[in-house]
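The residues making up each chain are set out below.
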Amino acid sequence: MNGRKTFTILMCAIVLIAATSGCSAPLSTREKGAGIGALGGAAAGGLIGTAVGHPGIGAAIGGTLGLGAGALIGDQLQGQQQTQYQQQQQIDQNQTELQRQRQQIDQLRRRQEY
């Protein structure tokens, strides 16, 4: 097989795997990042590999490096999302407590009026 056919078959296989693996459950941010990184890395590696005559090897190396980089970036984003979620939970709790205290103050004011 020539380099273009190998590259095309490899890219089709990667897309097929990515499309079918996402059907079972929702993906986490880290998993999405890893998938995007792997696909992008494989595409870039395949193009570079084509330029030097080895698109399959280039795609495999690029996909592996992209997978690692995408997972790291996705993990960072997932950590930030978790931090934001926890901060929002704390804000919601504080607002609930403020509302409760305002109601108590209103009740005390009404008692003093009578």
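Residues numbered from 1 in each chain as written. Predicted model: local features only at pLDDT ≥ 70, side-chain atom pairs only at ≥ 80, totals over all residues. Heavy atoms only, no water.

On a plain count of helices and strands, the chain comes out with 3 helices and 0 strands. Excluding contacts between residues fewer than 6 apart, the proportion of contacts in the chain whose partners are at least 24 apart in sequence is 71%. Accessible surface computed for the chain: about 8,700 Å², of which carbon and sulfur atoms make up 60%. (Helix = DSSP H or I, 4+ residues; strand = E, 2+ residues; numbered from the N terminus. Contact = heavy atoms within 4.5 Å. Areas by Shrake-Rupley, 256 points an atom, 1.4 Å probe, with all protein chains shown as cover.)

Another point: the side chain of threonine 29. Position of threonine 29 relative to the elements: it lies in helix α2 (residues 29-52). Ignoring anything within four residues of it in the chain, the contact list for threonine 29 reads Gly74, Leu77, Gln78 and Gln81.

Right, let's talk about the pattern of salt bridges for a bit. Opposite charge on two side chains permits them to pair, given that their charged atoms come into close proximity. Across all of its chains, the model carries 1 salt bridge by this definition. In this structure, glutamate 97 and arginine 100 form a salt bridge, with 2.4 Å as the shortest nitrogen-oxygen distance. With glutamate 97 and arginine 100 both in helix α3 (residues 55-113), this residue pair falls 3 residues apart, about one helical turn. What makes glutamate 97 partly exposed here is its relative accessible area of 32%. (Salt bridge = Lys/Arg side-chain N within 4 Å of Asp/Glu carboxyl O. Buried < 20%, exposed > 50% of the residue type's maximum accessible area, 1.4 Å probe, protein only.)

This part covers a nonpolar patch on the surface. A cluster of nonpolar side chains, contributed by Ile57, Ile61 and Leu65, occupies part of the molecular surface with about 320 Å² of accessible area. Examined against the element boundaries, isoleucine 57 turns out to sit in helix α3. (Patch = residues over 30% accessible without salt bridge, like charges linked within 9 Å, V, L, I, M, F, W, Y side chains within 5 Å.)

The contact between α2 and α3 brings their axes to 5 Å, and the two run at 155 degrees. Classified by the angle their axes make, α2 and α3 are roughly antiparallel. For the pair α2 and α3, the crossing hand works out as right-handed. Tallied by class, the residues present in the contact of α2 with α3 amount to 8 nonpolar, 16 polar and 2 charged. (Axes fitted to C-alpha atoms, helices over the stretch in contact; angles between N-to-C directions. Parallel < 35°, antiparallel > 145°, perpendicular 65-115°, else oblique. Left-handed = near helix turned anticlockwise from the far one by under 90°. Nonpolar A, V, L, I, M, F, W, Y, C, P; charged D, E, K, R; others polar.)

Summary statistics for the chain give a mean pLDDT of 82 and a share of 77% for residues scoring 70 or more. By mean pLDDT, helix α1 (residues 3-21) is the weakest element of the chain at 64, and α3 is the strongest at 91. (pLDDT = per-residue confidence, 0-100.)

The next point concerns the environment of leucine 47. In this structure, leucine 47 sits in helix α2. In sequence terms leucine 47 and glycine 62 are 15 residues apart; their C-alpha atoms lie 9.6 Å from each other.

Moving on to α2. Because an α-helix packs 3.6 residues into every turn, residues spaced three or four apart end up facing the same way. Its 24 residues place the ends of α2 34 Å apart at the C-alpha level, agreeing with the 34 Å of an ideal helix rising 1.5 Å per residue. Those residues of α2 not exposed but buried are Thr29, Gly33, Ala34, Gly37, Ala38, Gly41, Ala42, Gly45, Gly46 and Gly49. Glycine 53, located one to two residues past α2, shows a positive phi value of around 95 degrees. (Expected span 1.5 Å × (residues − 1).)

Okay, the environment of alanine 38 next. In this fold, alanine 38 is placed in helix α2. Looking at alanine 38, the relative accessible area reads 18%, which means it is buried. Contacts of alanine 38, omitting those with residues within four sequence positions, involve Gly63, Gly66 and Leu67.

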